[in-house]
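Descriptive structure summary
Residue strings, one per chain:
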Amino acid sequence: MDDTESLKARIETLEKQLSEVKELLKKQVETTATKEEVKAVKKEVEVAKKEVEVTKSQQDEWKFYDSTVHLGGYAQVGYASDDPANDRFNQVQYSPIFHYQYKDLILLESEFEVEIEGDGETHLALEYLTIDWFMNDYMALSAGKFLSPIGQFRQNLHPGWINKLPSAPSGFGHDQAAPVADVGVQLRGGAPFGNNMQANYAVFVSNGPILELNEDGDEIEAIETEGFTSDDDDNKLFGGRIGFLPIPNVEIGISGAFGELGLPGDTGDRDYDVLGFDLFARWRNLDLRGEYVKQEVDGFAGSVAEEGQEWEAWYIQPSYKLLPTKLEAVARYSDFDSTHADQDQQQWALGLNYLFSANAIAKFAYEFNDGLTGTDTDEDRLFLQFAYGF
Amino acid sequence: MNILKNTMLISLKIVTLLILAVPVLSTAAEEGDVARGSKAWANNCSRCHNMRDPKEFRDDGWRPIIAHMRLRAGLSGQQARDILTFLQSSNYTAPASSGSMTKVAESSGEDGETIYNNTCIACHGADGQGALPGVPKFSERLSKPDDVLLSNITNGFQSKGSPMAMPPKGGNPNLSDADIMNVLSYIRENLGK
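Everything numeric here is computed off the predicted structure, so don't read it as measured data.

1. So, the pairing of strand β4 (residues 122–136) of chain A
Residue and element names in this part refer to chain A. Bridge count for strand β3 (residues 106–116) against β4 is 11 bridges, and the pairing is antiparallel. Residue V114 lies in a different strand from β4, and its bridge partner there is L124. Between β3 and β4, which pair antiparallel and follow one another directly, the connecting turn spans five residues, one of which, G120, has a positive phi of 90 degrees. Here β4 runs beside strand β5 (residues 139–147); their pairing, made up of seven bridges, is antiparallel. Its bridge partner lying in β5, W133 is registered against L141.

The structure is reproduced here in structure tokens:
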């Protein structure tokens with residue numbers, strides 16, 4: 001029968017196809033994941049996700065914790081050559097800064113000043129040490145030894161990597177016209193307001209400075225403002241500064257302090273006043289700074305030193321970044337006037353700086369000094385300095 | 001000097017009043033905000049010294065530094081938190097092939113101009129000429145093709161010898177690829193000169 005034959009053949013082909021299909025199915029089953037397998041993979045993904053989350057919160061550990069320790073500071077080394085000649089590597093100074101912070105509540109700030117002196121001795125000083133309490137968003141109370149908030153140079157511009165010249169302006173050094181530091185309490189803060197305006201303030205009560213007599217002991221020679229933990233005259237000094245920024249990167253500051261100072265043996269105390277103005281403005285690559293400061297003590301009848309004294313200084317300093325190079329040019333005129341002619345000085349300083357980075361700077365500068373003929377204050381000076389802040 | 005004395009005395013009185021007002025002024029602290037932070041940073045952090053690069057310190061390093069600088073600069077607590085947040089989100093450079101690793105931010109739906117004014121203006125300026133020393137004019141850079149610029153904006157970028165880096169997404173991690181595309185077209189159309 002032909003029909004049976006063909007039927008048989010068809011069945012055979014069908015059987016063959018069926019086994020092929022079976023084979024295929026088997027293969028497919030092998031490659032398709034079972035439900036269990038899918039579950040397992042899902043679990044693995046969950047675990048991986050958790051791990052990522054843990055890693056993330058471990059990363060956040062750097063952001064959220066209670067206590068922090070931080071070491072910063074700066075160092076400067078330099079060379080100076082005077083006219084008439086005396087050249088030497090004259091500066092090796094290291095100022096480590098330690099910060100300890102507890103939450104956003106307490107900050108301890110401290111800075112040492114370690115310096116090699118002319119005779120090779122190492123001079124060590126506690127430049128400042130305060131414990132600060134952040135009372136709220138607009139107020140922080142600092143207690144301890146702080147840099148004087150009168151003006152800008154002494155509190156904000158003197159570190160080597162910040163000061164654009166290797167020296168302080170005339171009158172802004174130690175024991176000159178600008179107060180350096182003080183011991184007491186200080187309240188500081190600030191706030192933005194209006195359209196892009198800002199204001200900041202600092203007020204303090206402190207022990208105040210000490211008057212220094214000349215060799216004969218009959219005249220006040222200088223005023224020491226290094227910050228003392230004694231106050232023999234028992235009169236506290238009150239002072240502060242208010243800064244106003246009408247637009248960003250323009251700041252005008254006015255500062256002042258008043259109190260009374262005494263000399264040993266006097267029957268009473270004399271008035272002491274400080275007055276300061278400061279200005280900063282930036283236009284593109286040009287920075288302009290200027291500052292005025294005056295300290296004054298009245299005379300006192302019957303005192304060993306009856307006469308009053310005055311120390312007054314100001315400077316103006318434009319500087320220009322020669323971008324895209326790493327060079328910066330700076331000029332500064334400063335004038336220090338005191339009742340003692342041997343302290344007076346007028347000075348032009350010109351400098352060229354190379355900025356390795358924002359905080360590492362090499363300075364080359366020349367000072368033209370005009371003071372009492374034949375004294376140090378009249379000698380011109382060439383400086384090379386390398387400063388690094390970290 | 002009497003005028004000076006009187007002003008000082010009045011200021012002292014004002015300050016005493018302020019201290020008494022402490023409980024009133026102590027509102028709950030708001031978290032830091034990147035966009036406000038980049039503005040406050042650009043407006044304050046190069047007033048006394050050269051601008052320090054956000055990449056200089058790790059997240060934990062910036063914290064005490066900003067507390068210190070809040071006091072120096074006379075900033076409010078909010079400004080300090082904003083600046084800290086900005087620095088902590090700008091102190092890394094994402095690896096160039098980071099597309100899949102970074103959180104895929106959802107588009108903010110803001111147009112290029114809004115994004116520019118919130119996140120980029122502090123450094124690049126309203127006119128695109130650069131608001132800080134070290135930030136280039138856009139006109140000097142726009143000859144680069146879009147894919148290069150998009151990648152440099154997304155991942156951060158510092159050319160050789162440049163004093164400052166462009167932080168990833170301008171320091172704002174919430175910008176999506178679409179946002180960055182929008183802001184780049186805004187820059188090309190309006191700030192290329």
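Don't stop here, the text continues.
2. Focus: helix α8 (residues 177–190) of chain B
Residue and element names in this part refer to chain B. When the terminal C-alpha atoms of α8 are compared, their 20 Å separation across 14 residues agrees well with the 20 Å that a helix rising 1.5 Å per residue should span. Buried within α8 are the following residues: D179, I180, V183, L184, Y186 and I187. Taken down its axis, α8 places every buried residue within 160 degrees of arc, on the same side. In this structure, α8 carries D177 and E189 as exposed residues pointing more than 90 degrees from its buried face.

3. Side note on unusual backbone geometry
All names here are of chain A. Here the amide bond leading from L323 into P324 is cis, since omega sits at 5 degrees, within 30 degrees of zero. Of note, P324 is situated in the loop between β14 (309–322) and β15 (327–338). Phi at K103 takes a positive value of approximately 45 degrees, unusual for a residue other than glycine. Among the structural elements, K103 can be located in the loop between β2 (86–102) and β3. Of note, the phi angle at N196 is positive, near 70 degrees, even though the residue is not glycine. Counting through the fold element by element, N196 comes out in the loop between β6 (181–193) and β7 (197–206).

4. A look at the packing of aromatic side chains
Under the criterion given, the structure shown has 19 aromatic pairs over all chains. For the ring pair F98 of chain A and F112 of chain A, a centre distance of 5.8 Å and an interplane angle of 85 degrees mean the geometry is edge-to-face. Of this pair, F98 of chain A sits in strand β2 while F112 of chain A sits in strand β3, placing them 14 residues apart in sequence. Note on F98 of chain A: relative accessible area 27%, which makes it partly exposed. We classify F112 of chain A as partly exposed; its relative accessible area is 30%. Each member of the aromatic cluster is reached from another via a ring pair, and the members are F153, F172 and Y315 of chain A. For R284 of chain A, the ring lying beneath its charged end belongs to W283 of chain A, and the centroid distance is 5.9 Å. Lying over the aromatic face of W161 of chain A, R52 of chain B brings its terminal NZ or CZ to 4.6 Å of the ring centre.

5. Observations regarding the domain arrangement of chain A
Domain parsing of chain A yields domain 1 (3–63) and domain 2 (67–389). Each of domain 1 of chain A and domain 2 of chain A has a C-alpha centre, and these two points are 77 Å apart.

How each quantity is defined
- Residues numbered from 1 in each chain as written.
- Chains lettered and ligands numbered in written order.
- Predicted model: local features only at pLDDT ≥ 70, side-chain atom pairs only at ≥ 80, totals over all residues.
- Heavy atoms only, no water.
- Pairing = 2+ DSSP bridges.
- Helix = DSSP H or I, 4+ residues; strand = E, 2+ residues; numbered from the N terminus.
- Expected span 1.5 Å × (residues − 1).
- Buried < 20%, exposed > 50% of the residue type's maximum accessible area, 1.4 Å probe, protein only.
- Arc of directions from axis to C-beta.
- Phe/Tyr/Trp six-rings, centres within 6.5 Å; stacked < 30°, edge-to-face > 60°.
- Lys NZ or Arg CZ within 6 Å of the ring centre and 35° of its normal.
- Domains from an automatic or database assignment.

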